[in-house]
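Okay, here's what each chain looks like letter by letter:
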Protein chains: 2
Amino acid sequence: MSDALHLNNQLCFKLYTASRLVVRGYQPMLKELRITYPQYLVLMVLWQAHEEASLPLSLKALGDKLHLDSGTLTPLLKRMQQLELISRVRSEIDERQLKIDLTAGGLELKPKAESWRAKLREPLLCHEQQLRELASQLDDFIALLGE
Amino acid sequence: MSDALHLNNQLCFKLYTASRLVVRGYQPMLKELRITYPQYLVLMVLWQAHEEASLPLSLKALGDKLHLDSGTLTPLLKRMQQLELISRVRSEIDERQLKIDLTAGGLELKPKAESWRAKLREPLLCHEQQLRELASQLDDFIALLGE
DNA sequence: ATCAATTATATTGTGCACAATTTATTTTGG
DNA sequence: CCAAAATAAATTGTGCACAATATAATTGAT
């Protein structure tokens, strides 16, 4: 049969599709918050760092968590600064580093995101166990590919 | 604790990360074949259609399989035409439709991709069952989100 | 037969991803 | 101390994704 290259047999395509579908699901929230999905990911890192009192974060530290480099983050963070969600300041200790911090505006979005997240999860509640399994398998897979 | 928005607890972020990691894994093949990952997906659809003797495909039919619209596909297919991997011809029956067909050049890449795929899977062979599970769970998840 | 609705593709504009290179700063080994 | 290596960001350039809109061909209901 030789369907090795059959699209629907390819894990890569399933991941690509699932990832885009999820982002699509976030659109109502993102539209209301007036941010993009990658910007939402950045905010999640910063909200979390805020909880842990480890703000500000360098661009590098942020990029390590998201697996993104300065080529992606530099323009993205400039846009977020324009939106007054974050601040971008050179470290005085090490002039190479750019310190990223949350502004009041960026912090304000957190409770809104939390309530949206609850709302978006609602239709999936009855599949909680299935989602937990998927998440766990993805963790293994990501570890397998070398993280 | 309130770690609902913790990055590592978010399925969406795992999918986003896993998807990008896989594409990264394909880079050696893509570099040799001188194509991008989305172009590889298009070729997979066309190779499969070729097997089923259902070429040419309209842009619409291609987009339905990949869940991509003309905004993405039109420029992508134009580039693939430049690379002489595909042909783009208006349907004579319905002038709205653009028929996409494989060229000899596009067909030539298939055996190369097949052998690359075998090589790329090699290090994962011992996790065959785990990958099959993940694929199956992704199918369920994609169906859950409405496909 | 005609025109309104539908369908297929193209276009425009924004924002990632990422490879490759550049610039500036800091660290380190001799 | 100093030059070479390492590190952190920025820049440049290409190619998706996708929303929104435009254009043109076809269909369908009257």
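Right above here is the structure, for reference.
The model shown is predicted, which means the values in this text are computed figures rather than measured ones.

Peer 1: Any chance you could explain the relation of the copies chain A and chain B here in plain terms?
Peer 2: In this structure, two copies of a chain are linked by a rotation about an axis accompanied by a shift along it. Overlay of chain A on chain B (RMSD 0.0 Å): rotation 180°, translation along the axis 0.0 Å. Such a combination of turn and shift is consistent with a two-fold rotation axis.

Peer 1: Mind showing me how you'd approach the interface of chain A and chain B here?
Peer 2: As a measure of interface size, the accessible area lost when the parts come together is often cited. The partner chain B presents 51 residues to the 51 residues of chain A that form the contact. Both sides together, the interface formed by chain A and chain B hides about 5300 Å², and carbon and sulfur atoms give 69% of it. Here chain A is connected to chain B by 2 salt bridges. Notably, a salt bridge pairs B:Lys14 with A:Asp139, separated by 3.0 Å at the nearest N-O pair. Elements with a contribution of two residues or more to the side of chain A that touches chain B: α1 (11-33), α2 (37-51), α3 (59-66), α5 (104-121) and α6 (128-144) of chain A. The biggest single contributor to the side of chain A that touches chain B is α1(A), with 14 residues. Considered class by class, the residues forming the side of chain A that touches chain B number 30 nonpolar, 10 polar and 11 charged.

Peer 1: Please explain the nonpolar core as it appears in this structure.
Peer 2: Note that soluble globular proteins tend to have their nonpolar side chains buried in a common cluster. Counting 97 residues, the largest nonpolar core has A:Tyr40, A:Leu77, B:Tyr40 and B:Leu77 as the members making the most contacts within it. With 13 residues, α1(A) is the largest single contributor of residues to this core.

Peer 1: Where do I start with the environment of B:Thr17 in this structure?
Peer 2: The topology assignment puts B:Thr17 in helix α1 (residues 11-33). As for B:Thr17 and B:Ser87, which are separated by 70 residues in sequence, their C-alpha atoms are 34 Å apart. In this view, B:Thr17 contacts A:His67 and A:Ile142; residues no more than four positions away in its chain are not counted.

Peer 1: What is the right way to look at the packing of α1(A) against α1(B) in this model?
Peer 2: For any two helices packed against each other, the geometry comes down to the angle between their axes and how far apart the axes lie. Direction vectors running N to C along α1(A) and α1(B) enclose 145°, while the axes themselves pass 9 Å from each other. For the pair α1(A) and α1(B), the crossing hand works out as left-handed. For the pair α1(A) and α1(B), contact is made by A:Cys12, A:Leu15, A:Tyr16, A:Ala18, A:Ser19, A:Val22 and A:Tyr26 and by B:Cys12, B:Leu15, B:Tyr16, B:Ala18, B:Ser19, B:Val22 and B:Tyr26, respectively. Counted by class, the contact of α1(A) with α1(B) contains 12 nonpolar, 2 polar and no charged residues.

Peer 1: Is there a simple way to explain the environment of A:Thr103 in this structure?
Peer 2: Residues and elements named next belong to chain A. For threonine 103, the location among the structural elements is in the loop between β3 (98-102) and α5. Residue classification places threonine 103 among the partly exposed residues on the basis of a relative accessible area of 22%. In the structure, threonine 103 is positioned 52 residues away from glutamate 51 in sequence and 14 Å away in space, judged by C-alpha atoms. Residues in contact with threonine 103, not counting those within four places in the same chain, are Glu84, Leu85, Ile86 and Ser87. At a separation of 2.7 Å, a polar atom in the side chain of threonine 103 contacts the main-chain carbonyl oxygen of glutamate 84.

About the cut-offs
- Residues numbered from 1 in each chain as written.
- Chains lettered and ligands numbered in written order.
- Predicted model: local features only at pLDDT ≥ 70, side-chain atom pairs only at ≥ 80, totals over all residues.
- Heavy atoms only, no water.
- Least-squares fit on C-alpha atoms with pLDDT ≥ 70 in both.
- Contact = heavy atoms within 4.5 Å.
- Buried area = accessible area lost by both parts, 1.4 Å probe.
- Salt bridge = Lys/Arg side-chain N within 4 Å of Asp/Glu carboxyl O.
- Helix = DSSP H or I, 4+ residues; strand = E, 2+ residues; numbered from the N terminus.
- Nonpolar A, V, L, I, M, F, W, Y, C, P; charged D, E, K, R; others polar.
- Core = buried A, V, L, I, M, F, W, Y, C linked by side-chain atoms within 4.5 Å.
- Buried < 20%, exposed > 50% of the residue type's maximum accessible area, 1.4 Å probe, protein only.
- Axes fitted to C-alpha atoms, helices over the stretch in contact; angles between N-to-C directions.
- Left-handed = near helix turned anticlockwise from the far one by under 90°.
- Polar contact = N/O pair within 3.5 Å; in protein donor to acceptor, adjacent residues only side chain to side chain.

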